[in-house]
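# Descriptive analysis of the structure
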Protein chains: 2
Amino acid sequence: MTQKKLDNYWQHSVTVDTVVFTIEENELKILLIKRRNEPFRGLPALAGGFLQPNERLEDAALRVLADKAGLQNVYLEQLYTFDEMFRDPRGPVISVGYFALTPRNSIVFKNDKQIEEPGLYSLKHLPKLAFDHQSIIAYALKRLRAKLEYTNIAYSLLPKQFTLSQLQKTYEIILGLKLDKRNFLKKYLSLGLIEQTDKFFSAGRQRPARLYHFTSKKIAELKRWF
Amino acid sequence: MTQKKLDNYWQHSVTVDTVVFTIEENELKILLIKRRNEPFRGLPALAGGFLQPNERLEDAALRVLADKAGLQNVYLEQLYTFDEMFRDPRGPVISVGYFALTPRNSIVFKNDKQIEEPGLYSLKHLPKLAFDHQSIIAYALKRLRAKLEYTNIAYSLLPKQFTLSQLQKTYEIILGLKLDKRNFLKKYLSLGLIEQTDKFFSAGRQRPARLYHFTSKKIAELKRWF
DNA sequence: CCAAAAGTGTTGACTGTACACCCATGT
DNA sequence: ACATGGGTGTACAGTCAACACTTTTGG
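Let us look at the environment of leucine 31 of chain A. All names here are of chain A. The residue leucine 31 is located in strand E2 (residues 27–34) in this model. Linking leucine 31 and glycine 192, residues 161 residues apart in sequence, is a C-alpha distance of 32 Å. Setting aside residues up to four positions removed in sequence, leucine 31 forms contacts with Val20, Ala45, Leu46, Ala47, Ala69, Phe109, Pro118, Gly119 and Leu120.

Close to DNA strand D lie 20 residues, the nearest being Ser165, Lys181 and Arg210 of chain A together with Arg205 and Arg207 of chain B. The sugar-phosphate portion of DNA strand D accounts for 41% of its atoms within 4 Å of the protein, the bases making up the rest. Contact between DNA strand D and serine 165 of chain A: a phosphate oxygen at 2.4 Å from a side-chain N or O atom of the residue. At the level of secondary structure, the elements contributing two or more residues to the surface near DNA strand D comprise helix H4 (181–190) and strand E10 (209–214) of chain A together with helix H4 (181–190) of chain B. When its residues are assigned to classes, the surface near DNA strand D shows three nonpolar, five polar and 12 charged.

Let us look at the pattern of salt bridges. Once the charged atoms of two side chains with opposite charge are near each other, the side chains can pair. All names here are of chain A. As enumerated under the stated definition, the model contains 20 salt bridges over all chains in all. With a shortest N-O distance of 2.7 Å, arginine 104 and glutamate 24 are connected by a salt bridge. Taken together, the positions of arginine 104 in the loop between strand E6 (93–101) and strand E7 (117–122) and glutamate 24 in strand E1 (residues 13–24) put the pair 80 residues apart, joining distant regions of the chain. Linking glutamate 55 and arginine 63 is a salt bridge whose minimum nitrogen-to-oxygen distance equals 2.7 Å.

With that settled, consider the sheet that holds strand E10 (residues 209–214) of chain B. Residue and element names in this part refer to chain B. Reading across the sheet, the three strands line up as E8-E10-E9 and stay open at both edges, with antiparallel pairing between neighbours. Unpaired on one side and paired on the other, strand E8 (162–163) and strand E9 (194–201) mark the two borders of the sheet. Two strands pair when backbone bridges link them, and E8 and E10 are joined in this way by two bridges, in the antiparallel orientation. Across the sheet, threonine 163 pairs through a bridge with leucine 211, a residue of E10.

The next subject is the environment of leucine 57 of chain A. Assignment of secondary structure puts leucine 57 of chain A in helix H1 (residues 57–69). Residue leucine 57 of chain A is classed as buried on the basis of its relative accessible area of 1%. Residues leucine 57 of chain A and lysine 29 of chain A, 28 residues apart in the sequence, show an inter-C-alpha distance of 24 Å. Apart from the residues lying within four places of it in its own chain, the contact partners of leucine 57 of chain A are Val14, Val16, Leu51, Val96 and Tyr98 of chain A together with Thr81, Asp83 and Ile94 of chain B.

Okay, the protein's contact with DNA strand C next. Inspection of the region around DNA strand C gives 20 residues, with Asn183 and Arg205 of chain A together with Ser165, Lys181 and Arg210 of chain B positioned closest. Sugar plus phosphate: this is where 42% of the atoms of DNA strand C within 4 Å of the protein reside. Take asparagine 183 of chain A: an N or O atom from its side chain is 2.9 Å from a base nitrogen of DNA strand C. Within the side chain of arginine 207 of chain A, one N or O atom sits 3.4 Å away from a base oxygen of DNA strand C. Those elements giving two or more residues to the surface near DNA strand C turn out to be H4 of chain A together with H4 and E10 of chain B.

Residue and element names in this part refer to chain B. Closest axis-to-axis distance for the helix H3 (residues 164–175)/H4 pair is 11 Å, and the angle between their directions is 100 degrees. Comparing their axes, H4 and H3 come out roughly perpendicular. Side by side, H3 and H4 meet where Leu164, Leu167, Gln168 and Tyr171 of the first sit next to Lys181, Phe184, Leu185 and Tyr188 of the second. The residue inventory of the contact of H3 with H4, partitioned by class, reads six nonpolar, one polar and one charged.

Ranked by size, the top nonpolar core spans 44 residues in total, and within it Leu57 and Leu65 of chain A together with Leu57 and Leu65 of chain B carry the most contacts. Ignoring anything within four residues of it in the chain, the contact list for leucine 65 of chain B reads Thr18, Val20, Ala47, Gly70, Leu71, Val74, Leu76 and Ala100 of chain B.

With that out of the way, let us pick up a positive patch on the surface. Together, Lys181, Arg182, Lys186 and Lys187 of chain A make up a positively charged patch on the protein surface. For arginine 182 of chain A, the location among the structural elements is in helix H4.

Another aspect to go through is unusual backbone geometry. All names here are of chain A. Residue proline 39 is bonded to the preceding glutamate 38 through a cis peptide linkage, with omega at -5 degrees. Notably, phenylalanine 40 is not glycine yet its phi reads approximately 65 degrees, a positive angle. Residue position: phenylalanine 40 is located in the loop between E2 and strand E3 (44–45). For asparagine 54, which is not glycine, the phi dihedral falls at a positive 60 degrees.

Moving on, we come to the confidence of the model for chain A. A residue-level look at chain A finds 88% of positions with pLDDT of 70 or above and a mean pLDDT of 89. A low-confidence stretch, residues 1–6 of chain A stays under pLDDT 50, and its non-local contacts, those more than four residues away or across chains, total 10 contacts.

Residues and elements named next belong to chain A. Here helix H3 (residues 164–175) is 12 residues long and its end C-alpha atoms lie 17 Å apart, about the 16 Å a rise of 1.5 Å per residue gives. By the burial criterion, the buried members of H3 are Leu167, Gln168, Thr170, Tyr171, Glu172, Ile174 and Leu175. In the segment just after H3, glycine 176 is the residue with positive phi, at about 75 degrees.

Taken as a whole and assessed by the stated rule, the structure comprises 24 aromatic pairs over all chains. Seen from their ring centres, tyrosine 155 of chain B and phenylalanine 214 of chain B are 5.5 Å apart, and the 75 degrees between their planes marks the pair as edge-to-face. In this pair, tyrosine 155 of chain B is assigned in the loop between helix H2 (133–150) and E8 and phenylalanine 214 of chain B in strand E10, connecting sequence segments 59 residues apart. Each ring, one from phenylalanine 162 of chain B and one from phenylalanine 214 of chain B, has its centre 5.2 Å from the other, and the planes form 45 degrees; the classification is tilted. Within this pair, whereas phenylalanine 162 of chain B is found in strand E8, its partner phenylalanine 214 of chain B is found in strand E10, the two being separated by 52 residues in sequence. In textbook terms, an aromatic cluster arises when at least three aromatic residues are bridged by ring pairs, as seen for Tyr155, Phe162, Tyr171, Phe184, Tyr188 and Phe214 of chain A.

How each quantity is defined
Residues numbered from 1 in each chain as written. Chains lettered and ligands numbered in written order. Predicted model: local features only at pLDDT ≥ 70, side-chain atom pairs only at ≥ 80, totals over all residues. Heavy atoms only, no water. Helix = DSSP H or I, 4+ residues; strand = E, 2+ residues; numbered from the N terminus. Contact = heavy atoms within 4.5 Å. Near = heavy atom within 4 Å. Polar contact = N/O pair within 3.5 Å; in protein donor to acceptor, adjacent residues only side chain to side chain. Nonpolar A, V, L, I, M, F, W, Y, C, P; charged D, E, K, R; others polar. Salt bridge = Lys/Arg side-chain N within 4 Å of Asp/Glu carboxyl O. Pairing = 2+ DSSP bridges. Buried < 20%, exposed > 50% of the residue type's maximum accessible area, 1.4 Å probe, protein only. Axes fitted to C-alpha atoms, helices over the stretch in contact; angles between N-to-C directions. Parallel < 35°, antiparallel > 145°, perpendicular 65-115°, else oblique. Core = buried A, V, L, I, M, F, W, Y, C linked by side-chain atoms within 4.5 Å. Patch = residues over 30% accessible without salt bridge, like charges linked within 9 Å, V, L, I, M, F, W, Y side chains within 5 Å. Areas by Shrake-Rupley, 256 points an atom, 1.4 Å probe, with all protein chains shown as cover. Lys, Arg positive; Asp, Glu negative; His and termini not counted. Charge placed at Lys NZ, Arg CZ, Asp CG, Glu CD. pLDDT = per-residue confidence, 0-100. Expected span 1.5 Å × (residues − 1). Phe/Tyr/Trp six-rings, centres within 6.5 Å; stacked < 30°, edge-to-face > 60°.

This is the structure:
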């Protein structure tokens, strides 16, 4: 070990910031938390926090999600590492961005005495955000849309059993377009990712819809479609 | 500013490591540099270095490429941020991985007195590498192959003017498969990315090949093909 | 004139897209 | 009975994949 300490001298603050997507009331929403500290006190921000010593990046992201929204078993994927945080008034900070997907009902807001206010915000009317989190969100949305088209990550947004309408609506909401019912079904079934159960779901005065489930929980890479 | 210094207290070493791809002698090669310091002294490693105070991540990558291989104007893209560097004997290090593309003749090895030995290594027979750089390379290769199929980044590996054979060979070498000459040309021309010049390139006793050039230097996102 | 790479079209298979009606249920 | 979303097939168009011979040059 002739390595001099000097080479290793400069150190940097590192944060992990996660864009948590979920679907609620037929809208794509993200989890934001009002900051209770400066800078940007009072503005909503992504679920984030400083990386602690000897902590893995992904573990830090998971820790923050569990602490702030009771989240467990989410789909989590690293996005990009931003240094726009040079705009952080406290000085340079490296921010490793993640994105997460979860069904709405897995989010449990903890109401402890801290003034932090977590909430779900529709992507359609986002308020002004802390830091440059706006651009991290834009990046995450782009990635989400791309991945939806060539993987089965939709799995992570849906309950274990779901109707074809729910599945299709998930795609429509995220991609922002209308899809043809028959073509959608045809393609999706041909992929072999889902199969029908013998259960049905009844919602009011309509014909009950058959419930389906994903055959594999593993995230699969598929050929691009649409 | 009620922010306590505590929140910001933990600091981390951050390195930037770049996988530089180029094509030489009909092979895909990467730039590696023999380490002259511990740890892993003597083993080849990616072009990398510590992020300096107040330096942007991308600037750090560019600085290292310019210093170690005289590279200018490369295509550079952030890959992923690794914390496998927990295996670094010196302690935890965050490594932001980049990948770069450049034509072979843009690489100029500087032979200063330092014992660093930069060189191009074929991906087919890589030696044992320092750190976990093997896995960064695997990741970069995956990304390169994917991007080749839906963007025009091939542009960054070729000279300003090139023959169709060169272009096709670039794809074949990177993707590791043989492509049909007519189908390749048909698709590529239909994208409108390249156009023919009125110049020809003569290589020995064959019919001279027409030279083409890219119409736009901007990296375009295309629909996936192949 | 020979070797070597350049250049050039057609066909069949497949995949994607557009499109409309009957069904089962709750009220 | 009716309103509501559930469920189903076909035909056309566009894209992809396979395939072989002639041309031009240098030696």
